[in-house]
Each structure stands twice: as C-alpha cells, then as structure tokens.
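# Survey of secondary and tertiary structure
Spelled out from the first residue to the last, the chains are:
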Amino acid sequence: MSMESREIRSGISALDQALQRIRLGDNVVWQIDDLEDYKFFARPFAAQAIQDGFECVYLRFAEHSPILEATEGLDIIEVDPSPGFDYFSGEVHRIIAQKGLKCFYVFDNLSALVEEWATDELLANFFQVTCPFLFELDTVAYFGLTLGKHADSSVARIQDTTQLLINVYKVKGQRYFHPIKVWERYSSQMFLPHCISDDDMPPVSKSGDAAKVSVLARKNPLGGSPDLLAPWASVYRKLLQYEDEDEEVIRANPEIVSLKEELSHMILGYQPDFSRLASKYFRLRDLLFMRNRIIGSGRIGGKAAGMLLARRILKHDNDPTDFTQVLENHDSFYIGSDVFFTFLINNNLFRLRLELTQGSDITHSEFEDLEERFLEGTFPREIMDQFQRMLEYFGQAPIIVRSSSLLEDSFGNAFAGKYRSEFCINQGDPEQRMHAFLQAVKLVYASALNPDATSYRQKRGLADRDEQMALLVQRVSGMRYKNYFFPSMAGVAFSRNLYVWTDRIDPNKGIIRLVFGLGTRAVDRIGGDYPRMIAVSHPDLRPEVGAKVMKYSQREIDLLDLEKNQLCTRHVSEIIEDRDYPHLHMFVSLFENGYLSDPTSSFLDGNPDDYILTFNNLIRKTNMVDLIGKMVAKLEKAYQHPIDTEFTASFDESGNVRINLLQCRPLGVPGTEGHPFDIPKEIPHEDVLFRSNRIVCGGLVPKIHTIVYIDPVVFAALPMDQKKSLGRIVGKINAHPRFEDCKTIMMGPGRWGTSNIELGVNASYRDINNTSVLVEIAREEAGHMPDVSYGTHFFQDLVEAQIIYLPVYPDDAKTEFNEKFFMESPNILKDILPDDGVPDNLIRIIDIESASGGRLLQVVADPQSQKAVCYLE
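The structure contained in this document is the topic of the report that follows.

Next up on the list: the packing of helix H12 (residues 272–281) against helix H14 (residues 302–314). In contact at an axis separation of 10 Å, H12 and H14 are set at 45 degrees when each is read in the N-to-C sense. Put simply, H12 runs oblique to H14. Between H12 and H14 lies a crossing of left-handed hand. Across the interface between the two elements, Phe-274, Leu-277, Ala-278 and Tyr-281 of H12 pack against Ala-305, Gly-306, Leu-309, Arg-312 and Ile-313 of H14. Here the residues of the contact of H12 with H14 sort into seven nonpolar, one polar and one charged.

Structural data, given as structure tokens:
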C-alpha cells in the first residue's frame, strides 16, 4: 500500500496540512485544558470518517458531556470502567477485535479513568496495551487527556506508545495546538505552536510570540504539577496531617472519615462485606502504615488484606485474652496490583493473558513454556529501586513471596492453592538475592495463568472480573537451627470442625491441622505423612489409637536449607538427632516396646528414630489450643461467618506460646447453614450403595445420573506410569459434555488431589470440577486411612464448588458398601473415551438409569449426625 493510500482526512484541512495528514494506524492523543478543545477536533474527524465510508465508533465511559452527538453512521458503545482495569481493558479489546480493520474511534477523555482507578499507572497501562492493538488493525483513534494533570512518567509512557501527541491550550482566549510527537513525519515548522483561526492554523514562528505563548501556556514546563488528577497521592498527603490524632477525634470529623474511606478503597478494594469490617476495625494509622510499605501503586490484594484485618480484629477489644501479648509482630511489604499489569504490558504478555482468562485453554506443558516467558521479563527502574530497598531492609532473613490477587481470600472465592507462593532463602551476595527474588515474583505472576486458576475463574463465573495480582512479601517465621531455618510449629485452624470422628467433639469449636516445620505440610496433601488433627473442644482425642498413632504421624519436615539456599525436606529423626532442639519435649513422644509415652521433662534420651511427633505435651501443658480456639472464635464473630486461618507458633524466652497469624479468609461450610438433612430411616438394604459415618460436609444431591468408579484393587496393582496418567484421564472424563449436563459421583481409592500417586488419584480441581459428590474410598490395607482432605487447599476447592466430599471406609463395620453394584453394572467407559486405551477394569462409568432399571441416585449427608447415605430413589 502506498503512503498516499494510507492517508486519511481529519475533517480540518489546515490540520491535515500542518501534520502532513493523519495515516491509517495512527493513535492521536489530544492533551487539553478544556473538553471543548477536544470536541473541536474530534467532531470534524468523526463526520469526515463517516462521509468517507469508514465505520466510526464512539467509546463512551466518562461522566463528562458527550464528545460526539448521536448521528447516522456513528456507533456509540458504552463501557463501564468501575469494575476495574482488567474488565475495562478486556471489553475494549473485545470491541476492537470485533470491529476489525480500518475502523475509526473516538474515546472519551482518558483522564476520567484515573478518577475511577485512583492511579496514573493504570491509565498508562491501558493506553500502552490498547494503542498497539489499534495500530495492528489499521485503525485511527482519537483520545483526550487533560493537560498537566498526570504524572510525567505516565505521560512519557503514553508519548512513547502513541503515533501523535498534540497539546491544545488557550492563551488570552486564543486557541493553539502544539504537536509534541508526530511519528515518521517532519517539516521545519511542524513542532511549533499553531494558532487556530476559522480558516487557517499558521505556526507561531516569531521567537518573541512563541516565547510569550509558551510561558503563559505552561507554568511548569519541566513537570511536577502539584495538582495531579490521580487521587492516590493527594488523599494520602491530606491524611498524613491527622496521623497522630486520636481515633475518636478522627471518627467525629466527617471530612477525615470520608478521606479515610477513600484511602481504604484504594488500598484494600471495595467488597461490601470486607469493606464493612475494614471501616470498623482499621485505624487511620493502620492505613497509612500499609501505604508506606506498598511497592509501586494499586491495591494490596485479598490475602494481604485478610491477614491485616484479622490481626487488627484480634487486637481491637480488651478481651480477657490480650492478643497484643500473643501475636508476633509482622513487617510485611506489598507489591501493588498495578505493578502486575505494568510487568505484563512492558513484556508483551498482556494480550496473551487476556486470551487465556477469557476462555482459551492451556495445557500444563504449554503453561511451563509460558512460565519461561515470564522469567525473561523485566521491571521498570523505579520498581527495581524499591525492590532493592526492601531487600536491604530484610538483609539475609528468609522471606516468602505470596500471591495476593484482588479476588483471593474474599467472601465466596478463596482461590486456595491456585496461585504460587515462593520461598526466598535469601542467602548469597546482593545480586544473587535480587535474582532469586525476581524469579520468585515472576513465577507467582505466571501462576495467575496456570490451568487450575483459569479453570477456577471460568467455573465460578469470574473470567470477566477484575483480577489483578498483588503480592505479599512476608518474613518467614522461625529461627535458625544448625544450617536450617523453620518454625517450631505451623498449621491451619478453622472456626468450624467438619471432620468430627466422635460424638464427643463439638463441631462449632473448630479444628487445627498442626505440623513441625514449615506449614507446607499442613495445607497440601503429602504422601505417607500426616499432620496432627486437633479438635479444639477435645484436643486429647485422636482419630487413631494405639500403634496407629505412630503410623499416622508426621515423619518428614519441610525447611529452608541456608547452606544450600533452597527449600528441602528432611526426615524428622535427622533434624532432632541431637535432641537439643528447643522445647522438643513438647512435640514428641517415645515409642518403645510397643507403647507410646510422653516425656516428663525437657531431658530426652533414647534413640531419635523412636520419637514420634504427637504434640501431646504441647496440647496438655500449654494454652496453645485454647489460644487458637479463642482466636478463631473471635474472628468468626467479627466476620459473622466461619473462617479459615494459617499460622505459625513458637515459644518466647519466658516459655509462653506466641502466634504469628499469616492468613485469614472466610470458610464456606456447606450443609451447616440452617436445617439438618434427615437421613431416611427405612431404605431397603439392596438400594443402598454406601453409607458413611465420618462425613466432612453436608448437603442433599438428588437425581444423580452417573458414577465414575476407580477400582482400588486394580489401582494398587498399576505400574507407576499408568498411575501418573490417571489424573489426566479423569480430567478428560470430567470435560466430556455428559458431565457438564448431569449430576455425577466420582469415587476413587485413597486421596484425591494427592501429590503422592501411590496413595490416590493425582487429579487437580480442574479434573473434577463437574462432579457433585467426591468419594474417597479408604482401605487401611492399601494405606488409605485415616487422613482425609479436610483443611487442605484441595478441600477448599470442594467446599467452594458445593461438591459434597465423603470419605467412605469399607473396612469399617458400620459402613455399608455395595461393591457388587460397582463391579457388575454395565461400564460405558468406551462411549465416553473410545480411543484412550484405558483398562475397563480400572475405571467404570455407570449410567445409573440403565443399571437400575430407570431409577436415579440420591445422596443425603447430615453434618449434625455425621452420617451420609447414597441410595437409589
């Protein structure tokens, strides 16, 4: 295409002459003092485009008066920026893609987006990702931008991206336009101010006239305007003067309260339930302290906000338990959500992310390639400087980079385990430590696109929601021991106990999963290892007795190896072999001659291989369980909702237990909101497929059409490579249209979601998200008892998806288990996966209606009686 054929008319011939014509692909940014100045140029442009036969679109998103009036040939499309940058950018990209080649656009004044999003950075991000897309499609687009009201760095990014940047201003009533950038065009007078008259736009070429115009037009020619539009900085500055005021004085001043709420929304976001709590508990000094520890700009995300809110709630009232004396201090930093999009855009990753979050599928192997692209990315200099100062602050203390997306840990959407957390052991010289930290940040960023996360968002209707990835950088809890660093105790604690293994336990008092060392073993299912499950109401009671206590205990510990500079796993006996670990007698019991005994003092003898992690003395001789019970009860009362926490614990110099609260989020508790689910009393024995007397979550699922049954015996005999592929096969079955349209039970051996393929089905949430009931068949001789998924990230997925989770123990005398039905019913596996080579005797897919002569299944699980039954209706 010749240059002449790419030229278009602007509707103002003098402007065409001054700029040597606007061309296809041009983005034109008009920096204006007055909206009327933008209308002066935009209206002739739109009219000329329509006259010349081009499709013309006016994108309307601001509250200011319309730039263009409705007219024949003009398509006016409204897009709401209030849901956030992610949604708005996605909608604009969808419109541009739909309109295609050579469409002309007029956008509202972009400065309105800053008023909505609070920071200039997101405005620059939006332009930097939208402008190239328009350029590729040979469009022409006009944008307005308020002159002198934005950070110089943001305007510089816009200038670098656009093809034309033109300032428009008035001096003593006379309108001028001044081209600042005109890409691939030049004349000796092009970049002078031009005086706008009715029939001409001559350049102001005389030096005196030019100086007079320029001085009056720009009072701050080097930037640094004190009157920026972005409210982030201005609100912060206004509130700083009240930092030392008493909170009662602040609450009595409506203006300060209003500014405080505004700052809270900028830092924490706005979700009605969470914002109500934030307004009640956070003091002004809390918000200012957060702001001072944010790298970049934007929000700190759900995980960081939940942790901070929970700590503030616990310290709020003068309860009999003074949590100010119980909680360890924290000194976390937050990488603002805006930095995530700046990284994506600067490294050409935004468009790819947009495609993946709006429905495109990605395999795990493709995701590994994507991670490599993230790892090659770079950050702007100003962000790198802040990273450097943060690492200097921490020195060589181990830190952890944790995801804290905007939707994470919110009411109804926990995103448990969907995004990464990366330990930085933080050893070596400054360059090595910075490299390791940047790798961690990029891997967590990349995890926003992992297949489980995208599947989770799509399944829960969140694909179009604003999901920016902020990061929480925390100091790792613990102390150095030998060449290792780890906390004495870590775990998860819940305000409700859904795993009640005896009627003596009060489910409303909560439960704790406790481990020795890093908490990775408390939140993930680790093969062959078991956390200590502690019912807060009866902490001495265990699901196991006698010698089984040794079998179902923690054998390995996750810790940070300071010498090797990596996360590693060691046998507990190796770590405690010298028997001098502080307070070790609180954690271990001695198994000798077939009996278990607890140490009576801190002096330990015997073979370290005979010590078992039971935490018996900790439970009986300290107030730790009582403290955690009171902690989760207080948080549930404030949240008015069951909660889930992560914590570490240690002993201080006086021997008192100190707790470091790392995370808090609402916990979905299906089947416990109101009424019991009555178990039918007289079901014919032949109609019962199974019963469970140790249910984990309740509910009622009628009209179940299909069972996917994985035979535990066949599974146990499988070679390793076939066990590894089982999760993938289950995922294929789950993705079949049949399982999107009808209710299904999936039943399999041992642990679903385990990382140890010897002990169960290595399926992820994405592989089972269409099921209604998930059953773990636990046979002791196969190593499948008594641990269940309760308390893990995998369990959180089931709860949020309203999937009823039931452990079934066929070896238990109280359990009915109709194995004959599962083994003898017709198998329709080949109808679902005709060419996958899956053995018929491994996976059996049963069409209930065909197998039962027209009947369907129903599952009733009553959390109050802790009983469940699956039977033919």
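That covers the picture; the talk isn't over yet.
Enumeration according to the criterion identifies 41 aromatic pairs in this entry. Ring centres of Phe-817 and Phe-822 lie 5.3 Å apart, and the angle between their planes is 40 degrees; on these two criteria the pair is classed as tilted. Neither Phe-817 nor Phe-822 differs from the other in exposure class; each is buried. The ring of Phe-333 has Arg-293 sitting right over it, with the charged end atom 4.1 Å from the ring centre. Across the ring face of Tyr-393, the terminal group of Arg-293 is positioned such that the distance to the ring centre comes to 5.1 Å.

Another point: the pairing of strand E4 (residues 55–60). For E4, the buried fraction is high: five of the six residues fall into the buried class. Relative to strand E5 (residues 74–78), E4 runs parallel, the two being bridged by five bridges. The residue bridging Cys-56 from the neighbouring strand is Leu-74, located in E5.

Our next topic: the pattern of salt bridges. This structure, assessed with the given rule, holds 33 salt bridges. Across the pair Asp-26 and Arg-185 runs a salt bridge whose closest N-O atoms are separated by 3.0 Å. Linking Asp-26 in the loop between strand E2 (22–23) and strand E3 (27–32) with Arg-185 in the loop between strand E9 (174–182) and strand E10 (194–195), this pair joins segments that are 159 residues apart in sequence. In this pair, the class of Asp-26 matches that of Arg-185, namely buried. Across the pair Lys-630 and Asp-626 runs a salt bridge whose closest N-O atoms are separated by 3.1 Å. Highlighted residues: Lys-630 and Asp-626, both in helix H25 (residues 624–639), separated by four residues, approximately one helical turn. Connected via shared salt-bridge partners are Asp-37, Lys-170 and Arg-175.

Turning our eyes to something else, we now look at a negative patch on the surface. On the surface, a cluster of negative charge is made up of Glu-366, Glu-368, Asp-369, Glu-372 and Glu-376. Relative to the helices and strands, Glu-368 is located in helix H17 (residues 364–375).

Taking 1.5 Å of rise per residue, 15 residues should cover 21 Å, and helix H4 (residues 85–99) covers 21 Å from first to last C-alpha, within 8% of that figure. Of all the residues in H4, the buried ones are Phe-85, Asp-86, Phe-88, Ser-89, Gly-90, Glu-91, Val-92, His-93, Ile-95 and Ile-96. Looking one or two places after H4, you find Gly-100, whose phi comes out positive at around 80 degrees.

Let's shift gears to the pairing of strand E6 (residues 103–109). For E6, the buried fraction is high: seven of the seven residues fall into the buried class. Examined bridge by bridge, E4 and E6 share five bridges and lie parallel to one another. Of the residues in E6, the one forming a bridge with Leu-59 is Phe-107. When E6 meets strand E7 (residues 140–146), the two strands line up parallel, connected through four bridges. Its bridge partner being in E7, Asn-109 is matched across the sheet by Gly-144.

The rules we used
Residues numbered from 1 in each chain as written. Predicted model: local features only at pLDDT ≥ 70, side-chain atom pairs only at ≥ 80, totals over all residues. Heavy atoms only, no water. Axes fitted to C-alpha atoms, helices over the stretch in contact; angles between N-to-C directions. Helix = DSSP H or I, 4+ residues; strand = E, 2+ residues; numbered from the N terminus. Parallel < 35°, antiparallel > 145°, perpendicular 65-115°, else oblique. Left-handed = near helix turned anticlockwise from the far one by under 90°. Contact = heavy atoms within 4.5 Å. Nonpolar A, V, L, I, M, F, W, Y, C, P; charged D, E, K, R; others polar. Phe/Tyr/Trp six-rings, centres within 6.5 Å; stacked < 30°, edge-to-face > 60°. Buried < 20%, exposed > 50% of the residue type's maximum accessible area, 1.4 Å probe, protein only. Lys NZ or Arg CZ within 6 Å of the ring centre and 35° of its normal. Pairing = 2+ DSSP bridges. Salt bridge = Lys/Arg side-chain N within 4 Å of Asp/Glu carboxyl O. Patch = residues over 30% accessible without salt bridge, like charges linked within 9 Å, V, L, I, M, F, W, Y side chains within 5 Å. Areas by Shrake-Rupley, 256 points an atom, 1.4 Å probe, with all protein chains shown as cover. Lys, Arg positive; Asp, Glu negative; His and termini not counted. Charge placed at Lys NZ, Arg CZ, Asp CG, Glu CD. Expected span 1.5 Å × (residues − 1).

Function cannot be inferred from these measures alone, as they are strictly geometric.
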